[in-house]
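The residues making up each chain are set out below.
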Amino acid sequence: MQVFAKLEELSKRCGELDIELSKPEIVSDPEQLKKFSKERAELDDIMKAYHNLTGVMREIEELEGIIEEDDRELAELAREDLPSLRERQDGLEKELNLLLLPKDPNDLKSTFLEIRAGTGGEEAALFASDLFKAYCRYAEDRGWNVEIMSSSIGAVGGIKEVIALIHGKGAYSRLKYERGVHRVQRIPVTESQGRIHTSAVTVAVLPEADDVEVSLDPKDLKIDVYRSSGPGGQSVNTTDSAVRVTHVPTGIVVTCQDEKSQHKNKARALKILRARLLSRMEDEQKSEISKERKTQVGTGDRSERIRTYNFPQNRVTDHRIGLTLYKLEDVLSGKLDEIIDPLAVHFQAESIKEHLAAS
């Protein structure tokens, strides 16, 4: 389907929505009114750009007609105006291509951020801690709140695993580009001969799931409670406050032990479980069962990576778009927009290509 045919369809839909919104039975029904009003509002920007484009195209057609006439003076004026109008037409067409892209329904949501130490032992755990701090600073700068849902500390102070819920409008839309394997190259503090070691950390980013999106049947849940443990396995709690939730149909297991309250740990575990189930459901809808999670985190091996952090060269390289910045300290202090912005532009451009190819 061509773009203009799609726009004509949307224009027709706007007319239908305007009729629906004028009906007394819709106005008196809050649910229906909200539904139709939201759809109509989402089409407003598209229709505005569409009407602007058709207006510009009419002007271009009129000027081209004038140029064909015998009046040389008017023809010259028309030639002078054409370049700016064609430039505006090009800009409006690009704007419409962006507006017509399918929206990711998860973009405005808060997000779960899961960071795990991969290959590299304690050095990987230490970098997992550095990376988590960078995301926390980035979240703070954007006014988001970070709630640690579950964590496991390494022997020398690093992080074996941390799961955090980042509360904030659009958190998922920005951080979804961070999912994958992050490779670090640096000299560990324990390295006496000054050799550079390579380690890996995996990052998964999952949108928060609403209760209405993922309902949990108690019959599908196996819930175990046990005493919390710290580094080395020592007990850090005298009550059975840690919770392990197993979703029997899928085999997904979530554990939480950071809170002293069993009730709070259970609530956190169920939140994480819902997010993982939502991700799994979306994978199935795309006929990519389990592929999404593999794409996100792989195996944690050094050779798999989306990004490399090279400390000796103060360099950060994102391998997906060939971007290299010599600003490692800035990146690890939370200044991530210089990486995330180009990634967003890149994947947006890829979406436009796919959209146009399917039109």
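Before reading further, recall that the structure is shown in the block above.
Residues numbered from 1 in each chain as written. Predicted model: local features only at pLDDT ≥ 70, side-chain atom pairs only at ≥ 80, totals over all residues. Heavy atoms only, no water.

Participant: Residues and numbers for the sheet that holds strand S10 (residues 315-318), please.
Facilitator: One key point about sheets: their strands pair by backbone hydrogen bonds, in either a parallel or an antiparallel sense. With mixed pairing, the 8 strands of this open sheet are ordered in space as S2-S3-S1-S5-S4-S9-S10-S11. What marks the edges here is a single partner per strand, and that holds for strand S2 (145-153) and strand S11 (323-325). Averaged over all pairs of adjacent strands, the angle between their axes in this sheet comes to 15°, without regard to strand direction. The pairing of strand S1 (residues 111-117) with strand S3 (residues 159-167) spans 6 bridges and is antiparallel. (Pairing = 2+ DSSP bridges. Helix = DSSP H or I, 4+ residues; strand = E, 2+ residues; numbered from the N terminus. Axes fitted to C-alpha atoms, helices over the stretch in contact; angles between N-to-C directions.)

Participant: So what's going on with helix H5 (residues 121-141)? Residues and values would help.
Facilitator: The first and last C-alpha atoms of H5 sit 31 Å apart over 21 residues, in line with the 30 Å expected at 1.5 Å per residue. Among the residues of H5, those classed as buried are Glu123, Ala124, Ala125, Phe127, Ala128, Ser129, Leu131, Phe132, Ala134, Tyr135, Tyr138 and Ala139. In the stretch just after H5, Gly143 is the one whose phi turns positive, near 80°. (Expected span 1.5 Å × (residues − 1). Buried < 20%, exposed > 50% of the residue type's maximum accessible area, 1.4 Å probe, protein only.)

Participant: Explain the side chain of Ser150 residue by residue, including any values.
Facilitator: Looking at where Ser150 falls in the secondary structure, it is placed in strand S2. A distance of 3.3 Å separates a polar atom in the side chain of Ser150 from the backbone oxygen of Thr255. Apart from the residues within four sequence positions on either side, Ser150 is in contact with Glu161, Val162, Ile163, Thr255, Cys256 and Asp258. (Polar contact = N/O pair within 3.5 Å; in protein donor to acceptor, adjacent residues only side chain to side chain. Contact = heavy atoms within 4.5 Å.)

Participant: If you had to explain helix H4 (residues 72-99) to someone new, which residues and values would you point to?
Facilitator: Since there are 3.6 residues in each turn of an α-helix, residues three or four apart along the chain are aligned in direction. Compared with an ideal rise of 1.5 Å per residue, which puts 28 residues at 40 Å, H4 spans 40 Å between its outermost C-alpha atoms and is within 8% of the ideal. Of all the bends in H4, the greatest, near 30°, is centred on Leu82, and the proline Pro83 appears no more than four residues after it. Residues of H4 that are buried: Ala75, Ala78, Leu82, Leu85, Gln89, Leu92, Leu96 and Asn97. (Bend = angle between axes of the 7 residues up to and from the residue.)

Participant: I'd like a description of the sheet that holds strand S7 (residues 242-247), backed by residues and values.
Facilitator: Ordered by their spatial adjacency, 3 strands build an open sheet running S6-S7-S8, and the pairing between neighbours is antiparallel. Pairing within the sheet leaves two strands with one partner each, and these edge strands are strand S6 (221-226) and strand S8 (252-256). Averaged over neighbouring strand pairs, the angle between their axes works out to 15° when direction is ignored. In this structure, S7 lies alongside S8, joined through 5 bridges in antiparallel fashion.

Participant: Quick one: what's the story with the packing of aromatic side chains, residue by residue and with numbers?
Facilitator: This model, assessed by the stated rule, comprises 4 aromatic pairs. Measuring from ring centre to ring centre gives 6.5 Å for Phe127 and Phe311, while their planes differ by 85°; the resulting arrangement is edge-to-face. Separated by 184 residues along the polypeptide, Phe127 in helix H5 and Phe311 in the loop between strand S9 (307-310) and S10 bring together distant segments of the chain. For the ring pair Tyr177 and Phe347, a centre distance of 5.8 Å and an interplane angle of 10° mean the geometry is stacked. Taken together, the residues Tyr177 in the loop between helix H6 (171-175) and strand S4 (180-186) and Phe347 in helix H10 (residues 337-358) connect sequence positions 170 residues apart. One aromatic cluster is present, built from ring pairs that chain together Phe127, Tyr309 and Phe311. Just above the ring of Phe36 sits the side chain of Lys35; from NZ or CZ to the centre is 5.6 Å. (Phe/Tyr/Trp six-rings, centres within 6.5 Å; stacked < 30°, edge-to-face > 60°. Lys NZ or Arg CZ within 6 Å of the ring centre and 35° of its normal.)

Participant: Explain the pattern of salt bridges to me, and be specific about the residues and the numbers.
Facilitator: All told, the structure shown has 24 salt bridges when counted by the stated rule. Arg79 is paired through a salt bridge with Glu76; the nearest N and O atoms lie 3.9 Å apart. Here the residue Arg79 and the residue Glu76 both occupy positions in helix H4, the gap between them amounting to 3 residues, near one helical turn. Given a relative accessible area of 42%, Glu76 falls into the partly exposed group. Between Glu114 and Arg116 there is a salt bridge; the shortest N-O distance is 2.9 Å. Note on Glu114: relative accessible area 0%, which makes it buried. Within the structure, one salt-bridge network assembled from shared partners comprises Glu114, Arg116, Glu161 and Arg276. (Salt bridge = Lys/Arg side-chain N within 4 Å of Asp/Glu carboxyl O.)

Participant: Describe the pairing of S7, naming the residues involved and giving the relevant values.
Facilitator: Most of S7 sits out of view: 5 of its 6 residues are buried. For S6 and S7, the ladder comprises 6 bridges, and the chain directions are antiparallel. Paired with Leu221 across the strands is His247, a residue of S7. Joining the antiparallel neighbours S7 and S8 is a turn of 4 residues, in which Gly251 adopts a positive phi near 80°.

Participant: An account of a negative patch on the surface is needed here, citing residue identities and associated values.
Facilitator: On the surface, a cluster of negative charge is made up of Glu59, Glu61, Glu62, Glu80 and Asp81. Ranked by residue count, the leading element in the negative patch is helix H3 (residues 30-68), at 3 residues. For Glu61, the location among the structural elements is in helix H3. (Patch = residues over 30% accessible without salt bridge, like charges linked within 9 Å, V, L, I, M, F, W, Y side chains within 5 Å. Areas by Shrake-Rupley, 256 points an atom, 1.4 Å probe, with all protein chains shown as cover. Lys, Arg positive; Asp, Glu negative; His and termini not counted. Charge placed at Lys NZ, Arg CZ, Asp CG, Glu CD.)

Participant: Lay out the environment of Pro249 in plain terms, naming residues and giving numbers.
Facilitator: Take Pro249: it is sitting in the loop between S7 and S8. Along the sequence, Pro249 and Leu221 sit 28 residues apart, while their C-alpha atoms lie 8.6 Å from each other.

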